[in-house]
Amino acid sequence: MHRVEVKWLDPRLGNEIPRPDYATDGSAGLDLRACLDEPLNLAPGQTELVPTGMAIHLGDPELAAMILPRSGLGHKHGIVLGNLVGLIDSDYQGQLFVSVWNRGDSPFTVEVGERIAQLVVVPVVQVAFEAVDEFGETERGTGGFGHTGRS
Ligand SMILES: O=c1ccn([C@H]2C[C@H](O)[C@@H](COP(=O)(O)OP(=O)(O)OP(=O)(O)O)O2)c(=O)[nH]1
């Protein structure tokens, strides 16, 4: 288990609002909580930045974190992310925010403390570009975007 530094910025986390944790031993993501002062009404099409009340410092360039939608909220209620995926850099130390987008056609209320998205820590490989005139030959070459057919 990697150890990651965290600041619980909102004193309600760990008290009336549970701290994000893995729901099961096999969970990939930690559910992030909406640290709002009051419920947030989102009209269809509306996007708002929601504070999570916490900051992390991954501190290792071989790690990043992604904020991803919760499948139930996205599928049943159209609540997804305004940036589709949030990418958290290893040197970011500020509060984590979730861009919550109601892409559905009904209003949706985000309740105080509600689990609104999930945080997944992933390995990252940083690369150094090395300019060349020719690449080594491959079967695919430059073909893409459906080059191999539809099915
Ligand atoms: O959903 C998100 C996405 C990003 N961030 C934070 C962490 C991340 O490290 C930082 C910058 O994100 P990004 O690089 O995607 O933003 P940008 O729009 O390119 O702005 P910047 O110029 O700050 O890099 O914002 C969040 O809190 N939530």
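For clarity, every value in this text was computed on a predicted model and none was experimentally measured. (Residues numbered from 1 in each chain as written. Predicted model: local features only at pLDDT ≥ 70, side-chain atom pairs only at ≥ 80, totals over all residues. Heavy atoms only, no water.)

A short note on the site of the ligand
Then comes step 1: With respect to spatial proximity, the complete set of residues near the ligand consists of Ile-67, Asn-83, Gly-86, Leu-87, Ile-88, Asp-89, Tyr-92, Gln-95, Leu-96 and Phe-97.
Then comes step 2: One nitrogen or oxygen atom from the main chain of Phe-97 is found 2.8 Å from a nitrogen atom belonging to the ligand.
Then comes step 3: The protein chains hide 48% of the 570 Å² of surface that the ligand would expose on its own.
Then comes step 4: The set of elements that each furnish at least two residues to the shell around the ligand consists of strand 7 (86-88) and strand 8 (95-102).
Then comes step 5: Looking at the shell around the ligand residue by residue, the class counts come to six nonpolar, three polar and one charged. (Near = heavy atom within 4 Å. Polar contact = N/O pair within 3.5 Å; in protein donor to acceptor, adjacent residues only side chain to side chain. Areas by Shrake-Rupley, 256 points an atom, 1.4 Å probe, with all protein chains shown as cover. Helix = DSSP H or I, 4+ residues; strand = E, 2+ residues; numbered from the N terminus. Nonpolar A, V, L, I, M, F, W, Y, C, P; charged D, E, K, R; others polar.)

Quick notes on the UniProt feature "binding site: substrate" (unreviewed entry) in the protein
Then comes step 1: As recorded in UniProt, the sites labelled "binding site: substrate" (unreviewed entry) are Arg-70, Ser-71, Gly-72, Asn-83, Leu-87, Ile-88 and Asp-89. Taken together, the annotated residues stretch across 20 residues and extend over separate regions, lying up to 26.4 Å apart by C-alpha.
Then comes step 2: In this structure, Ser-71 sits in helix 1 (residues 71-77).
Then comes step 3: For Ser-71, a relative accessible area of 60% gives the class exposed.
Then comes step 4: With respect to the secondary-structure elements, Asp-89 resides in the loop between strand 7 and strand 8. (UniProt positions renumbered as here; feature names shortened; annotations may be inferred. Buried < 20%, exposed > 50% of the residue type's maximum accessible area, 1.4 Å probe, protein only.)

Thoughts on the UniProt feature "domain: dUTPase-like" (unreviewed entry) in the protein
Then comes step 1: Within this numbering scheme, the UniProt entry marks residues 16-149 as carrying the feature "domain: dUTPase-like" (unreviewed entry).
Then comes step 2: In residues 16-149, helix accounts for 5% and strand for 38%; the two terminal C-alpha atoms are 53 Å from one another.

Examining the side chain of Thr-52
Then comes step 1: The topology assignment puts Thr-52 in strand 4 (residues 47-57).
Then comes step 2: The exposure class assigned to Thr-52 is buried, which follows from its relative accessible area of 0%.
Then comes step 3: Here Leu-96 takes part through its backbone oxygen, which lies 2.7 Å from a polar atom of the side chain of Thr-52.
Then comes step 4: The residues contacting Thr-52, other than those within four sequence positions of it, are Leu-13, Leu-32, Arg-33, Cys-35, Gln-95, Leu-96, Phe-97 and Val-98. (Contact = heavy atoms within 4.5 Å.)

Section: the pattern of salt bridges
Then comes step 1: According to the stated counting rule, one finds three salt bridges in the structure shown.
Then comes step 2: Here Asp-10 and Arg-12 are joined by a salt bridge, their closest N and O atoms 2.7 Å apart. Arg-12 matches Asp-10 in its accessibility class, with the two residues each being buried.
Then comes step 3: Residues Arg-115 and Asp-31 are paired through a salt bridge, measuring 2.9 Å at the closest nitrogen-oxygen approach. Pair noted here: Arg-115 is in strand 10 (residues 115-123) and Asp-31 is in strand 2 (residues 30-33), with a separation of 84 residues, a long-range link.
Then comes step 4: Take Arg-115: its relative accessible area is 33%, and that puts it in the partly exposed class.
Then comes step 5: Exposure remark for Asp-31: the relative accessible area of 14% places this residue in the buried category. (Salt bridge = Lys/Arg side-chain N within 4 Å of Asp/Glu carboxyl O.)

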